[in-house]
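# Close look at the chain arrangement
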Amino acid sequence: MNKPLPSQSRIVVIGGGAVGASIAYHLTRAGERDVVLLEKTRLTDGATWHAAGLVGQFRTHPNLTRLMQDSVRLFATLGAETGQETGWSPVGSLRVAASRDRWMEFRRAATAARGFGFEMALLGPDEAKRRYPLMAMDGVVGAAFIADDGHVDPYSLTQAYAKGMRAGGGRIFEGVMVTGLTRKGGRISHVVTDKGTIEAEIVVNAAGLWARQVGWMAGVKLPAGVVQHQFMVTEKSDLIPDGLPTLRDPDGRYYAKPEPGALAIGGWERAPPPVNPVEGFPWENAHHLFDGDVDRFAEVFEPAARRIPVLNDLGMRTLVNGPIPISPDGEPIMGPAPGLENFFVACAFTSGIAASGGAGKAMANWILEGDPGLDLWAFDVRRFGPLHANPRYLHARAVESYSRYYDIHWPGEEGQAARGARRSALYQTLAAKGAVHGSKFGWERPNWFAPEGDSPAMGWQREGEAETVGREHRAARAGVVTIDMSSFTKFEITGPRACAFLQHLAVANIDKAPGGAAYTQLCNARGGIEADVTIIRRAEDRFWLITGSALGVRDGGWLRMNRARFGSEGVEIRDITSAYGVINLAGPLAREVLERVADADVSHAGHPFMTAREINIGHAPALAYRVTYIGELGWELYIPTEYMQHAYETLHQAGADLGLSDIGYRAIDSLRLEKRFLAWGSDITPDYNPIEAGLGFLIDWNKDFLGAEALARIKAEGVSRKLVCLALDEPLAVFGGEAILVDGMAVGQTTSGNFGYTVGKSLVLGYLPADLAARNAFEVEAFGRRSGAVRVVGAAYDPERRKILI
């Protein structure tokens, strides 16, 4: 007899795959007893049941690796805890490099792993052969081995989560179809099913293949696509020895998982068929497989058979062609859905079995404590916007991400699918001048300019950048440049309580006279940096808040969530990004150009640093904000979109004799590192606070603000780590993720890295234990090579700020 559905529950989890079951398990493990999990058919009947079950832990970002490590630690104990075996086999993983570029990628990964204490061994061909004797070694340069990776049985793992959840007081209802979600304002109040309605305080969408449709029920558009993925299982044979590790050969685009006396071979095809891109995956397709496509699978099998010749002697027992979820960038989608207070999502897990343990723990923490316990921006639902959920965009990007899963991921590489959707008013003009555009949150932004058609090659050593990025860097330092920064996200906050609201959020004092501006952080209650923004006071009751191109959903959500807590009366928030383009005019000669076209005093006395005023540039109205992110005299010119082309032409006509030129975002990164200017998402995140980041001087201790209590405690007790800048003795190519060493021991990992063309040094930023941060001498390891490094006090370029304050 079926159990009756409860009329109410504190937390309802929708979806009984590995991820949904893990979330429910971790919620009950944390002490929640009133948790209901709903599954429309049976547990695992979506993508879980046919998953291969490979478990690999390493990711280039430390926190993402820690999430995977949480999974492995749980897999090792869950069976004993619940009495349900999981099939966890920690046989290790071997990843083969069959090209020099792939070997460099492995060396970079090993250096990153070293920087945060993760064990990864680089092996020569002979040792790789010893660990995987079935391999033919043609072309093998080396391999990476992780001893405690392995594989797990997805069905058994999910059942173990379910058993643990029930033991903790949770309830599971199979055969219950969610048909609707009742939304009241900013909350989901009820979950409607074919067996009844449940009133809920919190709802979690872990619906896997159907997550997009469940999102629609809540009025949320999730960029969670579905593609076909194939793998085969060989016949059993004595030719397959026991004790093999899992094998990945990314140059061959396949993986091999050991089975008892057999191998499972799968891979990532170049053109996987997308599934139901518009209407979503059919509800009735539970426990669903597509017909196997042997011809298509040849792309995977043939390179596998060359590397593992025994495959040519084994028959195919089965060919599995199943649906798997995937996002536009190939990473999972997790966190609180924008615009809703109590609706959480955990979906689009391409490697959901491996991630399930850590993802469940992080999601439970997010639900119960308000944050995941570690910065998971790379997985955060707020990294996406409406464009990403557009069906054509979603599936073009999803297929591309899938097809490139095993590609070499070069530093700074750009996706090519679904490009050109968001363009500034200057796009065509800059393209005609040789702009090589990158993509940020759908915006086309110039990365660099190649007027003669020459561009840096993708590579590990910044090949060709001196002729492009270096040229633009030097132009900004010596003359005058313009930068199209129209993609900045811009919010207008108005109302009689707007000032009080922003004072509550910002660590800096923003209660300035109209025209005053502040660079500030918005912190959480722990003092972690949730946003890194500029706030300009336009009038007594009107402010502009400027943030990064890709941070509008995240930072806008932070503003609106805290407005609800602060009291929304008297505070209005409006996104005005599309209304204004931005031209950054910068360099030692910037004032001379602006004086020629502006109808206002732009002298240092007439227009001081960190102030904004309305001016005209030719016939174009503009808000001229004097600020810099590159360390030179400069203005950000906020111009109504329809005037952008005129303003740009006027500036360039006026500055032609001064050599006014355009530069892109790659040069900005080099320039800002010389000034120790920080980037949110790498140098500062919710894991870091302003004091340890060296931004404590911005804090106004004479006012109350969100995070003030925590930051006061941190200030009194002292920080445990500090952000430092290091200049390398050797010009190693650095990108962030390198290991920082003292006496041969890794003590930290860099957060950013680039070449400083003015100082002639490779520069990195990174956090170090406080007791080491005052040292002068370090080593930095990049791609297995080491260089001595010296701590830079202040900024490597113009530490006295003379270039700015003129």
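Whatever comes next refers back to the structure up there.
Since we're looking at a predicted model, the values are computed, not measured.

What counts and what doesn't
- Residues numbered from 1 in each chain as written.
- Predicted model: local features only at pLDDT ≥ 70, side-chain atom pairs only at ≥ 80, totals over all residues.
- Heavy atoms only, no water.
- Pairing = 2+ DSSP bridges.
- Helix = DSSP H or I, 4+ residues; strand = E, 2+ residues; numbered from the N terminus.
- Axes fitted to C-alpha atoms, helices over the stretch in contact; angles between N-to-C directions.
- Parallel < 35°, antiparallel > 145°, perpendicular 65-115°, else oblique.
- Left-handed = near helix turned anticlockwise from the far one by under 90°.
- Contact = heavy atoms within 4.5 Å.
- Salt bridge = Lys/Arg side-chain N within 4 Å of Asp/Glu carboxyl O.
- Core = buried A, V, L, I, M, F, W, Y, C linked by side-chain atoms within 4.5 Å.
- Buried < 20%, exposed > 50% of the residue type's maximum accessible area, 1.4 Å probe, protein only.
- Polar contact = N/O pair within 3.5 Å; in protein donor to acceptor, adjacent residues only side chain to side chain.
- Expected span 1.5 Å × (residues − 1).
- Bend = angle between axes of the 7 residues up to and from the residue.
- Nonpolar A, V, L, I, M, F, W, Y, C, P; charged D, E, K, R; others polar.

## Considerations on the sheet that holds strand 22 (residues 489-494)
Backbone-to-backbone hydrogen bonds join strands into a sheet, with any given pair of strands oriented parallel or antiparallel. Across the sheet, five strands lie side by side as 23-24-25-22-26; this open sheet has antiparallel pairing. Of all the strands in the sheet, just strand 23 (517-523) and strand 26 (572-575) have a single pairing partner and so form its edges. When strand polarity is set aside, the average angle formed by the axes of neighbouring strands in this sheet is 30°. Of the pairings in the sheet, the one linking strand 22 to strand 25 (residues 542-547) comprises six bridges and is antiparallel in character. Bridged to Thr 494 within strand 25 is Arg 542.

## Some points on the packing of helix 12 (residues 465-478) against helix 17 (residues 665-674)
When two helices pack together, you describe them by how their axes are tilted relative to each other and by the distance separating the axes. Closest axis-to-axis distance for the helix 12/helix 17 pair is 8 Å, and the angle between their directions is 55°. With respect to their mutual orientation, helix 12 and helix 17 come out oblique. Crossing of helix 12 over helix 17 shows right-handed handedness. Residue-level inspection shows Val 469, Glu 472, His 473, Ala 476 and Arg 477 of helix 12 in contact with helix 17, the latter providing Arg 666, Ala 667, Ser 670, Leu 671 and Glu 674.

## Some points on the pattern of salt bridges
Using the criterion set out here, one finds 46 salt bridges in the structure. Note that Arg 574 and Glu 492 form a salt bridge whose closest N and O atoms lie 2.8 Å from each other. In this pair, Arg 574 sits in strand 26 while Glu 492 sits in strand 22, placing the two residues 82 residues apart along the sequence. Across the pair Arg 786 and Glu 779 runs a salt bridge whose closest N-O atoms are separated by 3.9 Å.

## Things to note about the nonpolar core
Most often, soluble globular proteins keep nonpolar side chains buried together rather than apart. Within the largest apolar cluster, 47 residues are counted, with the highest numbers of intra-cluster contacts made by Val 13, Ile 23 and Met 334. Going through the elements one at a time, strand 1 (8-14), helix 1 (18-29), strand 2 (35-39), helix 2 (62-82), helix 5 (154-167), strand 11 (196-205), strand 18 (343-347) and helix 8 (352-369) are the ones with two or more residues in this core. With nine residues, the single largest contributor to this core is helix 8. Residue contacts for Val 13: discarding those within four places in its chain leaves Gly 20, Ile 23, Ala 24, Leu 27, Val 35, Val 36, Leu 37, Leu 38, Val 204 and Ala 206. With 37 residues, the next largest nonpolar core counts Val 12, Val 36, Ala 207 and Phe 343 among its residues.

## Here we look at the side chain of Thr 246
Relative to the assigned elements, Thr 246 resides in strand 13 (residues 246-249). Judged by its relative accessible area of 0%, Thr 246 falls in the buried class. Within the structure, the side chain of Thr 246 is placed 3.5 Å from the side chain of Arg 248, a separation counted as a polar contact. In contact with Thr 246, other than residues within four places in its own chain, are Leu 54, Val 91, Gly 92, Ser 93, Leu 94, Gly 150, His 151, Ala 256 and Pro 258.

## Observations regarding the sheet that holds strand 28 (residues 612-617)
Here six strands make up an open sheet; going across it, the order is 28-29-30-27-21-31 and the pairing mixed. Of all the strands in the sheet, just strand 28 and strand 31 (661-662) have a single pairing partner and so form its edges. Sheet strands touched by helix 16 (residues 644-654): strand 21 (481-484), strand 27 (580-586), strand 28, strand 29 (620-626), strand 30 (634-640) and strand 31. Its angle to strand 27, the strand with the most contacts, is close to 15°.

## Section: helix 2
Within an α-helix, residues lying three or four positions from one another point in the same direction, as the helix has 3.6 residues per turn. Its 21 residues place the ends of helix 2 30 Å apart at the C-alpha level, agreeing with the 30 Å of an ideal helix rising 1.5 Å per residue. Of all bends in helix 2, the biggest is about 35°, found at Ala 76. Counting buried residues in helix 2 gives 15 out of 21 residues, a clear majority hidden from the surface. Looking one or two residues beyond helix 2, the residue adopting positive phi is Gly 83, at roughly 80°.

## So, the pairing of strand 21
Residues of strand 21 alternate between two faces, with Val 481 and Ile 483 on one and Thr 482 and Asp 484 on the opposite face, all of them buried. Bridge count for strand 21 against strand 31 is two bridges, and the pairing is parallel. Bridge pairing in strand 31 places Thr 482 opposite Asp 662. As paired strands, strand 21 and strand 27 are joined by four bridges and run antiparallel to one another. Of the residues in strand 27, the one forming a bridge with Thr 482 is Leu 585.

## Focus on the environment of Trp 210
Tracing the backbone shows Trp 210 in the loop between strand 11 and helix 6 (211-217). Accessibility expressed as a relative area gives 6% for Trp 210, which makes it buried. Separated by 15 residues in sequence, Trp 210 and Gly 225 have C-alpha atoms that sit 9.2 Å apart. Apart from residues no more than four positions distant in its own chain, Trp 210 is found in contact with Lys 40, Asp 45, Gly 46, Phe 281, Pro 282, Trp 283, Asn 285 and Ala 286. Within the structure, Trp 210 has its side chain in polar contact with the backbone oxygen of Phe 281 (distance 3.4 Å).

## Notes on the packing of helix 5 against helix 8
As a packed pair, helix 5 and helix 8 sit with axes 11 Å apart at the nearest point and diverge in direction by 20°. Classified by the interaxial angle, the pair formed by helix 5 and helix 8 is roughly parallel. For helix 5 against helix 8, the interelement crossing comes out left-handed. Every residue of helix 8 that contacts helix 5 at Pro 154, Leu 157 and Tyr 161 is listed here: Ile 353, Ser 356 and Gly 357. Counted by class, the contact of helix 5 with helix 8 contains four nonpolar, two polar and no charged residues.

## A word on unusual backbone geometry
The backbone of His 287 sits at a positive phi, close to 50°, despite the residue not being glycine. Unusually for a residue other than glycine, Arg 676 sits at a positive phi of about 60°. Counting through the fold element by element, Arg 676 comes out in the loop between helix 17 and helix 18 (708-717). Here Arg 676 falls in the buried class, since its relative accessible area comes to 18%.

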